[in-house]
Every structure is written in C-alpha cells, then in structure tokens.
Amino acid sequence: MGQTLFDKIWDAHVVSSNEGFPDILYIDTHFIHEVTSPQAFDGLRTRGLPVFRPKQTVATADHNVPTIDQHLPIKEELSRYQVDMLTKNCKEFGIELYGLGHPFQGIVHVIGPELGITRPGGTYVCGDSHTSTHGAFGAIAFGIGTSQVEQVMATQCLLQSRPKRMKIEVNGKLHKGVGAKDIILYIISQISAAGGTGYAVEYAGDTIRSLSMEGRMTICNMSIEMGARCGLIAPDETTIEYVKGREFAPKGEEWDKAVAYWKTLYSDADAQFDEVLSFRAEDIEPMITYGTNPGMGIGVTQHVPETASFEAKEQGSYKKALEYMGLHDDEQLLGKPIDYVFIGSCTNSRIEDLRQVAEFVKGKHKADNVTVWVVPGSKQVQEQAIREGLDKIFNEAGFPLREPGCSACLGMNEDKIPAGKYCVSTSNRNFEGRQGPNSRTFLASPLTAAASAITGKVTDIRTFLKEEELVS
Amino acid sequence: MATKIFKHIQTSVVPLPIENIDTDQIIPARFLKATTRDGFGNNLFRDWRFDENDNPKEEFVLNNPNFSGKILVAGKNFGCGSSREHAAWAIADYGFDAVVSSFFADIFKGNALNNGLLPVQVSEDFLKKIFDAVYADHTAAVEIDLVDQFIKIVATGEQETFEVNPYKKACMTNGYDDIDYILSKKELIEEFEGK
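Residues numbered from 1 in each chain as written. Chains lettered and ligands numbered in written order. Predicted model: local features only at pLDDT ≥ 70, side-chain atom pairs only at ≥ 80, totals over all residues. Heavy atoms only, no water.

S.K.: Outline the overall build of chain A, supporting the account with residue identities and numerical values.
M.R.: Helix and strand counts for chain A come out as 16 helices and 18 strands. In terms of overall dimensions, chain A is globule-like: its C-alpha atoms have a radius of gyration of 22 Å, near the 23 Å expected for 472 residues. Judged by the C-alpha coordinates and their principal axes, chain A covers about 55 × 55 × 50 Å. Relative to its 472 residues, chain A shows a buried fraction of 67%. Long-range contacts, defined here as pairs at least 24 residues apart, represent 76% of the contacts in chain A between residues at least 6 apart. Each charge class in chain A can be summarised by its mean position, and for the 47 positive and 61 negative side chains these summaries are 2 Å apart. (Helix = DSSP H or I, 4+ residues; strand = E, 2+ residues; numbered from the N terminus. Rg over C-alpha atoms; globule rule 2.2 N^0.38 Å. Buried < 20%, exposed > 50% of the residue type's maximum accessible area, 1.4 Å probe, protein only. Contact = heavy atoms within 4.5 Å. Lys, Arg positive; Asp, Glu negative; His and termini not counted. Charge placed at Lys NZ, Arg CZ, Asp CG, Glu CD.)

In structure tokens form, the structure reads like this:
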C-alpha cells in the first residue's frame, strides 16, 4: 500500500521505534526565540549538558521586541532582560543568533523559509505553535513546549507519537478578492477550532496547488488553529523555485541531489488517510471572525449566528464570546466601525502580503478613526518593501511601516490594542485579550484589513474591486 | 533528572465549565517575560481572575471560597492555542495536580504530562456528572488513579476509565524523564546521523 507524504518524511527521520513508546524522531533544524528558550537553557545547565547539535539550532528575537527604534536599547526592563538572556545563552552554547540589528532577524517562521533553511522533506521544531508554517514546503514541523525545547537541545531528537493523517482538499477557482487567508479561515470555520486535533493535515487539491509559497505558508500556519499537530503541502515546482538560490539552500551537486529527492515527496495515489475532507473554492467568500476562537468565522456579508443555533451545553461559552466581542445574535459585521488595523504576524507579514496591500491602498488614505500598523515579518521583508517603494505608498496612505517582530499578534511588546477597541487583524488568533487586555479582534485577510482601514469599518473587499474594475 | 511523581489523588475540585479555554486565558502573553519557571500561578487566568486594577473579580471561580481542590475541571478543547508551557507551569504552580476535560489540545496535553500535571480526558456525559456533583455539593470529592487509570466521583461511586500513553504513564508514576530516555539511545542518534 502507498504511503502518505507525512509518513514518508516521518519514516525517514525515525531514530528508534519501540512498541509502547513514542518514536524518537530526528530533528533537522531547531528554531529558538527569546520567550520559550531561557528555561530550557537553564535545564541544560542543571543537567550539565551542552546543546547536542548547535549548528542545527537557529535563534532569533521576535516575540518580545519593539517594532520602532530597534537600534536603541529596549526600554522595557523585563523584555530587555529576556532578549539579552537569549544573546547570552546563544553565546554560551555556540548557537547562531539573528538578533535585533542583524540583517536576517525576523519572525522565526518568516526567516526559516526566506533563508532557505526550511526545505522539503525536513523536520523542524520550535517553541511556538505556528511552527506548522514550515510544513508548506512539504516538511514536518511541530510547535513544542519548553521541556521539549530542552529535549531537542539536548538530543536533536523529539519523542513523539505518530499522529493520525488527514487530507483536506480544496478544488476550484477562487473568487476575486479571496485568498489563502480566506481559505484557511473558511476551513477552520467549517471543522471548528478542535477539528484537526490529533492529526497531521495534508492540504491538497488544485486550489492549494495554485497558491504561491507565501499563500501556502499562510494556510499551514493556521493548522494549529484547528488543533492539528502540523500541516503540510507536497512540494512541487513552485516550492523548488522558491527555495532555489536562497542563502542556505543547497548549491551545485547538492542541489541536484536534493531536488531529485524532493520530487519523491508526495502522497501515493493509494495512500490511506484516517480522514479526508473536501471543500469547493467557489464556496469561499472573504472571511472574517466574530468570536473568540479562530473557528468562529463567517463570510464577510453573513450574520453572526444565533445563540439558539448551538446545543444547550455550548450556549454559555457562545454567549460569553459574543458579550466579550460586544456583538449580538444575528448582527452583521459589515459596516461595523473599527479602531485599529494590524497587518503583520507569521500568518501575513511576507513581501507578497505587503505588495498586495500597497497595490490596493496606493492613492487611498486610511479613515480618520483608524490607527494602522504594518509590521514586516523580517528585516529582509522590510528592506525589500523599502527597495520597492512600498514604504512611501504606505506612508501616504497613513499605514506606517514599522520594524519586524510578532508585535500586536500577541501583544507581548508595547503594540497592544486598547481595551474595548476593535482591530481587524491579519494575525491568527482572536482569543480574549490576545492583542491586549480586553481588546477585540476580527481576523481577516490582508486585503480585507486594508479595505477596512480605508473605510474605517468592516468592509467587503469585493465592493472596491468592482468599482476599480469599472474605473479601469 | 527525576520529575514529579503522580499516582493517585482524591480531592474536591474547581469547576470551570467553559469550552475552548485557550492558553492566552490560562496565562496571557504579557506574563511570559519571566526567564524562570517559577511564580506563574499568581497570574493563572489573570484577566478572568482580576480586573484592570488588579482587584479580584468575585464572580470568577478561583475567587470563590466555596471552591478549592487540586483538580481543575473544564469544558472541552482545554489548552488550545499557543504552545507556551507556561500554561502548564501556571496551573501546576497554582496548586493543581490534574485537569479534567472532555477534550484537550495536543500541545497542552504534552506540556502538562512533562510537568507532572495529569490531563484526564473523560466523556461529555461524565464531565457533566462531575459538574452536577460539584454544583450540588461544592465539597464533592473526585478520585483519580493513574496506576489503574480511572476517575471516580466519590459520593456516587460513578467512575470512568481514561487513556494515557503507557510511556508517559511510566514517566509520571516513576518520575522518569524524556531526556534521560533519549540519551540512553545516543548511539542510535549518532548512527542515524552517519547515514
């Protein structure tokens, strides 16, 4: 019987498999950052162990860094201490650090791919749940806790039971104004925030295949938002073209060998999945979330569900979510005034996201009631945007381009949405308080976020696209 | 390195009948700046537990003197969201030894097991029975036995078995540690690298 893509990669990395034990899985690259690593380094010190393979460990500072004036010392004392601690630990344990000021610094899930570190067939882990992003290359990538960060530092291996396999197919042609973010928000709205728990999810189908690498990363990034252990997409020419020539991509003979191997990485026609789901691209509208988990999403023209439409035992949690969001049963979000727009995060902060937003906002200006933050995913994305003149377009539109980091996705630094305020955000989580205590998040695509910034309210991007078509 | 041992507990429980409790609720990101594992219990469920002036919110269960115990009982999909192990540290540091729910997010479950905090997955029906028991009598005791893998409502004797990975069970009941286990296979790792 044929094998799934996931099983091919898994089997190629099993160091030891024993009945009744989880497998010992070899990890090609371990990404670390300032927030989930200090306790792991402490653990190594207590054990008197070195980092087993420091050359296969890559560090950056992203979660807890300011996004303005990065050349100055970090003002907030605890944040500065945490970032300094990463520098100290990397030095002591011999790990390459792309810290603040380094040309490769950025959000860990943006820099791995853009540096050619993330490749098809590899295994990647990081103490961050959005590590699933790297699966877009046809790789296994797990988010892990700090005890496991310590484990991988100490052994370059992860103890892990093989998850079940799910295939999610999307076929058909997307409507204008609908993109990768809408696809994944739609899938999660259909299967719930827990619908993928226990599974490695392979995305397939011609719609997925038509996406750029950056779109595929957006899809895989949010696998965790349906509870999946990881998400992956079989590599193809799009993947190979993306990796080719990048800083740490294989070169010469190594490259040819690598490509030959990557071409074997797909699920065989007769591979068995534990679950297969299919969706039609034509059914997907521009999406927006209304609630406090990413499964609570609707098409932007639809109405918020009625409490009575849920089972009795779920109604309490549902009411709590609507109350937190300041919404009511059957409310339509379209036209609702907003206060902030955040364009950034490991979901949507890559150069294509910024280009798409710049193209749309060129010659337009944000509404007076809205504050907009554009936070690039990495130093390289920021510099590319400046080279292309996107920063000027953004400035003229009232969309200042900041410096790279996780920023208002999780509100660890000072980029917080104030209490009670509404933010249309291109990030991945709308949990209570995620973007700041009592902040209210509507997750959406970069285009929907940009359109909402221009009008000052939740907006259907398609109304603009129609107008622009008429003009041109 | 030995870890905390868990075999059996019997205590009253703290009910939190909310679904999809994510790790940002368990420990908000702004409290992740600490570089040690200590003290996260003070900020467990911070924004549900305290108002913006740091005054306790009376309506939240951790501020209700009627409810206490070493078992937290919560709605389905507990621990979804971020991989932050700080969530497991916060729950354990506050004084809980086990969390009971009808469904757990994967990463949280793994993090809990790595910290001697036992996640016990029960059926929706049994979860409701526990909530009913504790709301009828806030001192209602629940017994959890990891060795024989059952959970019991003491007053009524109703019980259910639960699943746990046999390896993780051995770790928790004996205090074994993952890193010691993997390093015992170091030769295999080096052999793999040589391939």
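S.K.: Give me the lowdown on helix α13 (residues 379-387) of chain A, citing residues and values where you can.
M.R.: All names here are of chain A. Among all positions of α13, only Lys379, Val381, Gln382 and Ala385 are buried. An end-on view of α13 places all buried positions within 165° of arc, on one side of the element. Against the buried residues of α13 lie α4 (108-114), α12 (351-361) and α14 (390-397). Here α13 starts with a cap whose side-chain oxygen sits 3.3 Å from the backbone nitrogen of Gln380, and that cap is Ser378. A positive backbone phi angle near 75° is found at Gly389, which sits one or two residues after α13. (Arc of directions from axis to C-beta. Polar contact = N/O pair within 3.5 Å; in protein donor to acceptor, adjacent residues only side chain to side chain.)

S.K.: Provide a residue-level description of the state of the cysteines, including the pertinent values.
M.R.: Residues and elements named next belong to chain A. Under the criterion given, the structure shown has zero disulfides over all chains. You can see Cys230 has no disulfide; the closest cysteine sulfur is in Cys220, sitting 8.7 Å from it. There is no disulfide at Cys423, and the cysteine sulfur nearest it, in Cys409, is 10 Å away. (Disulfide = S-S within 2.5 Å.)

S.K.: Before we move on, can you summarise the interface of chain B and chain A with the specific residues and values?
M.R.: Listed as interface residues are 55 residues of chain B and, on the opposing side, 66 residues of chain A. Between chain B and chain A the total buried area reaches about 4,800 Å² when both faces are included, carbon and sulfur atoms providing 59% of it. Three residues stand out in chain B for area buried against chain A, namely Lys33(B), Thr35(B) and Phe192(B), and they jointly supply 15% of the buried area on that side. Between the two partners, chain B and chain A, sit eight salt bridges. Residues Glu193(B) and Arg53(A) are paired through a salt bridge, measuring 2.6 Å at the closest nitrogen-oxygen approach. The interface formed by chain B and chain A holds 24 residue pairs in polar contact (both at pLDDT 80 or more) in total. If you list the elements that add at least two residues to the side of chain B that touches chain A, you get α1 (23-26), α2 (46-49), α3 (86-94), α4 (106-113), α6 (166-174), α7 (178-183) and α8 (186-194) of chain B. Here the side of chain B that touches chain A is composed, by residue class, of 23 nonpolar, 13 polar and 19 charged. (Buried area = accessible area lost by both parts, 1.4 Å probe. Salt bridge = Lys/Arg side-chain N within 4 Å of Asp/Glu carboxyl O. Nonpolar A, V, L, I, M, F, W, Y, C, P; charged D, E, K, R; others polar.)

S.K.: Outline unusual backbone geometry, listing residues and values.
M.R.: At Asn438(A), a position not held by glycine, the phi torsion is positive, near 60°. Within the secondary structure, Asn438(A) sits in the loop between β17 (422-425) and β18 (440-443).

S.K.: Tell me about the packing of α12(A) against α13(A), and please be specific about residues and values.
M.R.: All names here are of chain A. Direction vectors running N to C along α12 and α13 enclose 35°, while the axes themselves pass 10 Å from each other. When you trace α12 past α13, the crossing you get is right-handed. The segment α12 lies against α13, with Ile351, Leu354 and Arg355 engaging Val381, Gln384 and Ala385. In the contact of α12 with α13, the residues fall into four nonpolar, one polar and one charged. (Axes fitted to C-alpha atoms, helices over the stretch in contact; angles between N-to-C directions. Left-handed = near helix turned anticlockwise from the far one by under 90°.)

S.K.: Mind laying out the packing of aromatic side chains, listing which residues take part and the relevant values?
M.R.: All names here are of chain A. The full count for this structure, using the stated rule, is 29 aromatic pairs over all chains. On the numbers, 5.1 Å between centres and 40° between planes, the contact of Phe41 with Phe93 is tilted. Of this pair, Phe41 sits in helix α2 (residues 38-47) while Phe93 is found in helix α3 (residues 77-93), placing the two residues 52 residues apart along the sequence. The class for Phe93 is buried, based on a relative accessible area of 11%. (Phe/Tyr/Trp six-rings, centres within 6.5 Å; stacked < 30°, edge-to-face > 60°.)

S.K.: An account of the sheet that holds strand β1 (residues 14-16) of chain A is needed here, citing residue identities and associated values.
M.R.: Residues and elements named next belong to chain A. Read across the sheet, three strands follow the order β1-β2-β8 without closing on themselves; strand pairing throughout is antiparallel. Among the strands making up the open sheet, the edge pair consists of β1 and β8 (157-160). The average undirected angle you get between the axes of adjacent strands in this sheet is 40°. Two elements, β1 and strand β2 (residues 23-26), share two bridges in a ladder whose sense is antiparallel. In the strand pairing of β2, Val14 is matched with Leu25. (Pairing = 2+ DSSP bridges.)

S.K.: So, the sheet that holds strand β7 (residues 140-143) of chain A: which residues are in play, and what are the values?
M.R.: Residue and element names in this part refer to chain A. The strand order across the open sheet formed by five strands is β5-β4-β3-β6-β7, and the pairing between neighbours is parallel. Among the strands making up the open sheet, the edge pair consists of β5 (96-98) and β7. Each strand of the sheet is rotated relative to its neighbour by a mean of 20°, with strand direction disregarded. Alignment of strand β3 (residues 29-32) against strand β6 (residues 123-126), held across three bridges, turns out to be parallel. Along β6, the bridge assignment pairs Thr29 with Tyr124. Running at roughly 135° to β3, helix α5 (residues 146-155) makes contact with β3 and β6 of the sheet.

S.K.: Any details on the pattern of salt bridges? Residues and values, ideally.
M.R.: Under the defined criterion, the tally for this structure stands at 37 salt bridges over all chains. Note that Arg209(A) and Asp236(A) form a salt bridge whose closest N and O atoms lie 2.6 Å from each other. Highlighted residues: Arg209(A) in helix α7 (residues 206-209) and Asp236(A) in the loop between β11 (230-232) and α9 (237-243), separated in sequence by 27 residues. Note on Asp236(A): relative accessible area 18%, which makes it buried. Of the charged contacts, one joins Asp47(B) and Arg30(B) as a salt bridge, the two residues approaching to 2.6 Å between their closest N and O atoms. Placement of Asp47(B) in helix α2 and of Arg30(B) in the loop between α1 and α2 is noted, with a sequence separation of 17 residues between them.

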